[in-house]
Amino acid sequence: MTTFFTRRTLLGVGATGILAALTACTTDIRPLSQGSGGSSGSASSAASSSASASASPSPTDDHTPGSYVGPIKFNNYERSGTYIPASAEAPAQNVPKPLIPEKMKENSPEGAYALMGYWLASQNYLILTGDVEPLMKADPAKAFLRNSRTMIKLYESGLGWIYGSDQPYKIEIAENELQPVANKQDRYEWLVTVAYDPAAKYHIEGEPDATIVEEEKTIPRTTKFIMEYKEGMWRMLLDNNS
């Protein structure tokens, strides 16, 4: 009876619920068209550039310090066993688990970049496993947890999973410098483009498999991510009122 109830609940959620869970990370973050509360003054830009140029190379990725435009790079994972990608028949096994890089504790553009890499890796880990624990380390206020519940339930039920892509969610940084948020100390915005992999699909028992988002969500769109350095580590924020 418990399995039937869970299955019925999931089927009631269906594609709409999966879509809502997957797009939460982008719909909650303010679109660029709504404007920015930050300032892009030359003094702030110069400070960011100086910090970028002096930052040491990160041991967890192979990007060039001070050069951030393009796909986010991250390679700091806990690996256990041989990774087996998901398929239409079974969920992924032994998915590498993202670990917080030491750079994420550094109050510099390199530290903010490390947060972006960790946050992206944690989002994709959630999509492939239903495990929200790594994401919560970049979101200690649990601002994004509400929108993760459908994905968690999907995997807890054992009746569904995501397959077809090792990185369903993609982020590229669109400009080299963080912009400080006005009147918000240690808070910054970063211009990015986000999109979903059109190859990614969901499987839910009792429903036909389908792509995880509509075609329009696979087209890169521009937005701004808001982040803050607090208590010795960078964290992602839902909006500037967080």
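About the cut-offs
Residues numbered from 1 in each chain as written. Predicted model: local features only at pLDDT ≥ 70, side-chain atom pairs only at ≥ 80, totals over all residues. Heavy atoms only, no water. Helix = DSSP H or I, 4+ residues; strand = E, 2+ residues; numbered from the N terminus. Contact = heavy atoms within 4.5 Å. Areas by Shrake-Rupley, 256 points an atom, 1.4 Å probe, with all protein chains shown as cover. Buried < 20%, exposed > 50% of the residue type's maximum accessible area, 1.4 Å probe, protein only. Core = buried A, V, L, I, M, F, W, Y, C linked by side-chain atoms within 4.5 Å. Salt bridge = Lys/Arg side-chain N within 4 Å of Asp/Glu carboxyl O.

Participant: Go over the overall build of the protein chain with me, naming the residues and quoting the values.
Facilitator: The helix and strand tally for the protein chain stands at five helices and eleven strands. Expressed as a percentage of contacts within the protein chain between residues at least 6 apart in sequence, the contacts between residues at least 24 apart total 70%. In the structure as shown, the protein chain presents an accessible area of about 11,400 Å², 50% of it carried by carbon and sulfur atoms.

Participant: Mind laying out helix α5 (residues 149–157), listing which residues take part and the relevant values?
Facilitator: Regarding α5, the residues found buried are M151, I152, L154, Y155 and S157. The first or second residue beyond α5 is G158, which carries a positive phi of 75 degrees.

Participant: So what's going on with the nonpolar core? Residues and values would help.
Facilitator: Where a protein is soluble and globular, its nonpolar side chains tend to be buried together. Counting 52 residues, the largest nonpolar core has M116, W119, Y169, I171, W190, F225 and M227 as its most contacted members. It is helix α3 (residues 109–129) that contributes the most residues to this core, 13 residues altogether.

Participant: Can you lay out the pattern of salt bridges for me, pointing to particular residues and giving the numbers?
Facilitator: Considering all chains together, one arrives at seven salt bridges under this definition. Residue K105 pairs with E102 through a salt bridge whose shortest N-O separation is 3.4 Å. K105 gets classed as partly exposed once you look at its relative accessible area, which sits at 41%. By relative accessible area, which is 57% here, E102 ends up exposed. Taking the shortest distance from any N to any O, the salt bridge between E228 and R187 comes out at 3.3 Å. Of the two residues, E228 sits in strand β10 (residues 221–230) while R187 sits in strand β7 (residues 187–196), which places them 41 residues apart along the sequence.

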